[in-house]
Amino acid sequence: MKTRIHRQITALCLILLATACGKDEFTPYDTPFIRIMQAEVSSVTVADNGTVVGEYLVALSSRPLTAPLEVNFRVDTGDGLTAGVDYEMLTAGTKLVFPVGVYDMYIRVRWKPNPIDPAKNNTMTITLESTSNPEVVIGLPGPAHNQSQMVITKVKGS
């Protein structure tokens, strides 16, 4: 009796397994992309009374590439921030080059202590603009392209 029940359960499992295989198969999502963030967010603040080096991660998500990847970015600042007074770009130029096998690089900014004018725009926006590989999507895949830019706002420190 036990053997018969065991055989029936086994047969039922095999039938269910056979009918489930291939049903509603999906193509794995395999779009390479590049994004910018700090601690998984794309908008942060820095205090106007401290000296800190902000490290903004530019992360590549892809299968291994066969050639280095160039990523061009732009830095826009509001009228409340002045280069050399409020901040200093430590990353030279406006291009990062990802060697083959490297997936993380940083854009670094030294924030300097300087009081802000709250009536002005005290933001810096770093925008990923283009890559040398047209297959690499800028920002997270999807229509919003989240994390294609990083917004840093200098705020009044305590």
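Parameters and conventions
Residues numbered from 1 in each chain as written. Predicted model: local features only at pLDDT ≥ 70, side-chain atom pairs only at ≥ 80, totals over all residues. Heavy atoms only, no water. Pairing = 2+ DSSP bridges. Helix = DSSP H or I, 4+ residues; strand = E, 2+ residues; numbered from the N terminus. Salt bridge = Lys/Arg side-chain N within 4 Å of Asp/Glu carboxyl O. Buried < 20%, exposed > 50% of the residue type's maximum accessible area, 1.4 Å probe, protein only.

Quick word on the sheet that holds strand β5 (residues 87-89)
- The 5 strands are arranged β5-β7-β3-β1-β9 in an open sheet whose pairing can be described as mixed. Across the chains shown, the open sheet's two edge strands, defined by having one partner strand only, are β5 and β9 (137-138).
- In this sheet, strand β7 (residues 104-111) lies alongside strand β3 (residues 52-61) in antiparallel orientation, the contact comprising 8 bridges. In the strand pairing of β7, L57 is matched with Y106.

Regarding the pattern of salt bridges
- In this structure the tally under the stated criterion is 8 salt bridges.
- Close ionic contact of K95 with E70 constitutes a salt bridge, the shortest N to O distance being 3.6 Å. Taken together, the residues span a long stretch of sequence, with K95 in strand β6 (residues 95-98) and E70 in strand β4 (residues 69-77) at a distance of 25 residues.
- According to the relative accessible area criterion, K95 is partly exposed, its value standing at 40%.
- With a closest N to O distance of 2.5 Å, E129 and R74 form a salt bridge. Here E129, found in strand β8 (residues 123-131), pairs with R74, found in strand β4; they are 55 residues apart in sequence, far enough to count as distant.
- What emerges from the salt-bridge pattern is a single network uniting R74, D76 and E129.

Function cannot be inferred from these measures alone, as they are strictly geometric.
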